[in-house]
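Given next are the chains, with one letter for each unit.
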Amino acid sequence: MKRQICLLILLVFIAVFGCSENSDKGEAKSKTGLAAVAKTYGDALVDGSIGDASNLIPILATDSSSHSVASWIYNGLLKYDKNLKLVGDLAENYSVSEDKKVITFNLKKGIKWHDGTPFTSEDVKFTYELIVDDKTPTAYDSDFRIVDHIETPDNYTVKVFYKQAYAPALASWTTSILPSHLLKGVEITKSPLQRKPVGTGPYKFLEWKPGNSITLVANEEYFEGRPNIERYVYRIIPDSATMFLELLNGTIDMMGLSPLQFAKQTDNPRFNDKFNKYKYLSNSYTYVGYNLKNPLFKDKRVRQALTYATPKDDIIEGVLFGLGQKATGPYKPTSPWYNPNVKKYEYNIEKAKSLLAEAGFKDTDNDGILEKDGLKLKFTIITNQGNSSRSMVAEILQNSWSKIGAKVDIRILEWATFINEYIDKRDFDAVILGWSIPLEPDLYDIWHSSKCEGKNLNFICYQNSEVDKLIEEGRVEFDFEKRKAIYDKIQEILAEEQPYTFLYVGESLIALNNRFENVEPAPAGLMHNFIKWYVKKENRKYIFTQ
């Protein structure tokens with residue numbers, strides 16, 4: 001899906017059960033197959049989500065909800081096609097110089113912003129200048145800091161000059177291009193486009209009811225053709241069980257199912273008569289992150305002990321109903337960058353106790369809680385509301401970690417509050433959260449020491465000079481084997497130091513109303529061809545008069 005493709009491009013906090021690739025392994029049961037697309041327009045897709053968007057200017061948002069909506073509104077110069085190959089989006093084509101330090105993009109002609117203003121090379125140059133402006137609070141600037149300058153010899157040509165050859169360069173230009181004529185000279189954090197965006201994409205913004213829904217309407221002048229589905233409605237329903245009831249009642253058309261819903265609550269005639277289910281390994285992972293500015297977590301032996309006391313097998317079987325795999329690092333097991341030879345932490349309570357003892361923790365007052373230098377091993381895990389799997393994982397950890405003398409409290413927070421008030425402000429002890437896994441293996445934004453402060457994505461503040469050096473080397477290495485060796489080493493260091501307890505890579509579990517035709521699962525996800533979906537006239541549910 002385009003929104004899934006967006007998540008393959010950018011690192012974002014995942015609120016729900018994971019977005020994905022490899023959907024060709026799914027369980028689609030279309031009654032009609034891939035019929036030829038009828039050139040007919042109408043109906044709406046109502047998509048359920050537990051979290052509201054925070055900002056619809058993509059470079060200012062780090063959450064999956066915002067990027068999911070914005071991905072329908074904006075385009076990049078390049079995009080991933082259904083087979084995950086980089087192809088032109090706003091760019092007609094591109095070329096790379098022999099020394100790999102200059103990329104030339106030739107832009108498509110005749111594209112307009114949603115307000116009718118022509119899209120030109122000036123918009124590309126402006127977007128670059130905005131991202132690297134120190135006053136722009138974005139987590140995505142590192143890819144563009146290595147650009148020396150940009151030239152725009154005419155309205156449809158962009159030449160990007162790099163300070164040095166840069167391996168993630170092409171992938172970085174999948175970033176959303178922003179309208180110069182609406183943002184130039186405006187303080188971006190005060191721009192109305194945060195709530196009423198104007199893009200070049202297949203859908204135009206219509207309205208945003210905070211905490212309730214965001215509605216987009218088909219762009220009749222979209223350069224790839226008007227989408228068949230007239231409206232896309234992003235419904236915010238914070239509770240997964242309530243969302244499931246709304247799905248059954250027909251008030252939403254699509255949602256990510258929980259493992260319980262997928263495995264136990266949808267195998268019945270009533271459900272199968274109305275919905276198709278899709279299952280495939282998610283392109284995201286779930287982890288426990290430790291705030292490394294908290295003195296409790298300074299010693300890696302404490303973090304290792306907590307990982308040894310984490311029953312990953314029980315979590316996957318009991319919480320995910322077997323619909324997932326153990327995670328050992330920032331890449332999923334099917335990724336070409338995955339290192340299967342890192343240190344493993346099989347469930348071992350005695351080993352965990354031994355490590356804590358080595359670190360100097362003892363129960364000196366016989367209250368069942370270890371302590372060191374007057375500091376008790378007592379902390380709070382926070383996670384987001386609406387994801388029952390994460391809540392269950394928190395309870396399992398609370399119980400298991402009590403066996404090694406750790407007292408853990410659990411706090412479940414509404415998504416926007418969770419991100420804005422606790423993650424962004426670094427006000428937490430430990431957190432259960434998920435990351436998308438972009439196709440580009442660069443780890444700079446999450447693991448480089450320079451991304452520790454502000455709203456950057458290294459919010460646990462992991463700092464390791466060797467990892468920094470390796471990350472920097474990986475960004476300028478083009479040889480696959482040499483680059484893989486670099487990322488293998490980084491994974492080995494992360495496995496040894498355990499700044500995260502990497503938990504699992506879950507399955508994406510999608511339910512979709514079966515009135516939608518031409519749904520074509522592909523490695524890029526379920527909705528990569530959403531603008532080609534349609535609903536037969538006799539099956540349409542919504543009719544719009546304007």
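As the structure is a computational prediction, the values presented were derived from the model and not from experiment. (Residues numbered from 1 in each chain as written. Predicted model: local features only at pLDDT ≥ 70, side-chain atom pairs only at ≥ 80, totals over all residues. Heavy atoms only, no water.)

Re the overall build of the chain
Just so we agree on the cut-off: Secondary structure elements are defined from DSSP: runs of H or I of at least 4 residues count as helices, runs of E of at least 2 residues count as strands, and each element is numbered from the N terminus. As defined in this context, the radius of gyration uses C-alpha atoms, and a globule is described by 2.2 Å times the residue total to the power 0.38. Residue burial considers only the protein chains on display, and all accessible areas are found by Shrake-Rupley using a 1.4 Å probe. We count Lys and Arg on the positive side and Asp and Glu on the negative side, and we leave His and both chain ends out. The atom standing in for a charge is NZ when the residue is Lys, CZ when it is Arg, CG when it is Asp and CD when it is Glu.
Per the secondary structure count, the chain includes 17 helices and 21 strands. Over its C-alpha trace the chain gives a radius of gyration of 24 Å, about what one expects of a compact globule, namely 24 Å for 546 residues. Each principal axis of the C-alpha distribution contributes one length, and for the chain these read about 75 × 60 × 45 Å. Of the roughly 21,100 Å² of accessible surface on the chain, 48% is carried by carbon and sulfur atoms. Mean positive and mean negative side-chain charge positions of the chain (69 and 72 charges, respectively) differ by 3 Å.

Points about helix α13 (residues 388–402)
An α-helical turn contains 3.6 residues, so a residue and the one three or four places further along point in the same direction. Stated formally: In this scheme, a helix's expected span is set at 1.5 Å multiplied by one less than its residue total. Relative accessibility thresholds used throughout: buried, under 20% of the residue-type maximum; exposed, over 50%; partly exposed, between the two (1.4 Å probe, protein chains only).
Between the first and last C-alpha of α13 there are 21 Å, a value that for 15 residues agrees with the 21 Å anticipated at 1.5 Å per step. Considered for burial, the residues of α13 that qualify are S389, R390, S391, V393, A394, L397, S400 and W401.

Let's talk about the confidence of the model for the chain
Definition in use: What pLDDT conveys is the predictor's confidence in a given residue, as a value from 0 to 100. Only heavy atoms enter the contact rule, under which two residues are in contact if any of them lie within 4.5 Å.
Scored by pLDDT, the chain has a mean of 91; 93% of the residues are at 70 or more. Low pLDDT, under 50, characterises residues 1–9; the stretch is placed with 50 contacts to residues that sit more than four places away or in other chains.

A few points about the state of the cysteines
Under the convention used in this document: By convention in this document, the label disulfide applies to cysteine sulfur atom pairs within 2.5 Å.
According to the stated counting rule, one finds one disulfide in the structure shown. Disulfide pairing is shown between C452 and C461; the S-S distance is 1.7 Å. Taking the sign of the S-S torsion, about -100° here, the bridge from C452 to C461 comes out left-handed.

Brief notes about the sheet that holds strand β7 (residues 147–154)
Our working rule: Strand pairing is assigned whenever DSSP detects at least two bridges linking the two strands. Interaxial angle, 0 to 180 degrees, is taken between N-to-C directions of lines fitted to C-alpha atoms, where a helix line uses only the stretch in contact.
One open sheet accounts for four strands, arranged β5-β6-β8-β7; its pairing is antiparallel. The two strands at the open ends of the sheet, each matched to only one other strand, are β5 (91–96) and β7. Between one strand axis and the next, the sheet turns through 20° on average, direction left out of account. Pairing of β7 with strand β8 (residues 157–162) involves five bridges; the strand directions are antiparallel. Opposite D154, over in β8, you have T157 as the bridge partner. Along the sheet, helix α3 (residues 121–132) makes contact with β6 (102–107), β7 and β8, crossing β7 at roughly 165°.

As for the nonpolar core
Side chains that are nonpolar tend, in soluble globular proteins, to be buried together. Note the cut-off: What we call a nonpolar core is a set of buried Ala, Val, Leu, Ile, Met, Phe, Trp, Tyr and Cys residues that are connected through their side-chain atoms within 4.5 Å.
In terms of nonpolar packing, the biggest core is built from 76 residues, with F379, W401, W447, F459 and Y500 touching the most fellow members. With residues up to four places along the chain from it excluded, the contact list for W447 reads P330, N458, I460, Y462, V467, D468, I471, L494, P499, Y500 and F502. In terms of nonpolar packing, the next biggest core, distinct from the first, is built from 68 residues, L60, L183, Y203 and I510 among them.

Notes on α3
For α3, built from 12 residues, the straight-helix expectation of 16 Å at 1.5 Å per residue is met to within 8% by its first-to-last C-alpha distance of 17 Å. The buried count for α3 comes to nine of 12 residues, which makes it a mostly enclosed element. Inspection of α3 places S121, D123, V124, F126, T127, Y128, L130, I131 and V132 among the buried residues, and these make up the whole buried set. The secondary structure elements touched by the buried residues of α3 are β6, α4 (142–145), β7, β8 and α6 (180–183).

Re the pairing of strand β11 (residues 229–236)
Of all eight residues in β11, eight are buried; the element is thus mostly enclosed. Relative to β11, strand β2 (residues 42–49) runs parallel, the two sharing seven bridges. Of the residues in β11, the one forming a bridge with V46 is V233. Direction of pairing for strand β10 (residues 213–218) relative to β11: antiparallel, over a ladder of five bridges. Residue pairing across strands places V217 opposite R231, the latter belonging to β11.

Here we look at the layout of surface pockets
For the record, the criterion: Any residue with an atom within 4 Å of a point lines the site, the site being either a cavity, points on a 1 Å grid over the protein atoms alone where a 1.4 Å probe fits but cannot get out, or a pocket, an open set with protein on both sides within 12 Å along at least 5 of 7 lines. Grid points are joined across faces, edges and corners, and a volume is the space filled by probe spheres set on the points. By the convention adopted, Pro, Cys, Tyr, Trp, Phe, Met, Ile, Leu, Val and Ala count as nonpolar, Lys, Arg, Asp and Glu as charged, and the other residues, Gly among them, as polar.
Each pocket or cavity is described by its volume, and for the second largest pocket that value is around 310 Å³. Along the walls of the second largest pocket sit 16 residues, with S54, N55, L60, D424 and K455 positioned nearest its centre. Its residues placed into classes, the lining of the second largest pocket shows six nonpolar, seven polar and three charged.

Describing the pattern of salt bridges
Here is the rule: Criterion for a salt bridge: a side-chain nitrogen of Lys or Arg within 4 Å of a carboxyl oxygen of Asp or Glu.
Counting across every chain of the model gives 30 salt bridges. Put simply, D365 and K376 hold a salt bridge, and the shortest N to O gap is 2.9 Å. One end of the pair, D365, is in the loop between α12 (349–358) and β16 (371–372); the other, K376, is in strand β17 (residues 375–376), and 11 residues separate them in sequence. Two residues, D442 and R475, come together in a salt bridge whose shortest N-O distance is 3.0 Å. Taken together, the residues D442 in the loop between β20 (430–436) and α15 (444–447) and R475 in helix α16 (residues 465–475) connect sequence positions 33 residues apart. Accessibility assignment for this pair places D442 and R475 in one class, buried.

Examining the packing of aromatic side chains
Within a pair of aromatic rings, the relevant descriptors are the distance that separates the centres and the angle that separates the planes. Just so we agree on the cut-off: Pairing of aromatic rings covers Phe, Tyr and Trp, the last through its six-membered ring, and needs centres within 6.5 Å; plane angles under 30 degrees mean stacked, over 60 mean edge-to-face, and all others mean tilted.
Applying the stated criterion to the full structure yields 34 aromatic pairs. Judged by centre distance (5.9 Å) and plane angle (40°), the ring pair of W415 and F418 falls under tilted. Residue W415 and its partner F418 are both found in helix α14 (residues 415–423); the two are separated by three residues, about one turn of the helix. Each member of the pair W415 and F418 is classed as buried.

Observations concerning unusual backbone geometry
Its identity as a non-glycine residue notwithstanding, D43 has a phi of 70°, on the positive side. Its location among the elements puts D43 in strand β2. The backbone of K100 sits at a positive phi, close to 60°, despite the residue not being glycine. Following the sequence through the fold, K100 ends up in the loop between β5 and β6. What makes K100 partly exposed here is its relative accessible area of 37%.

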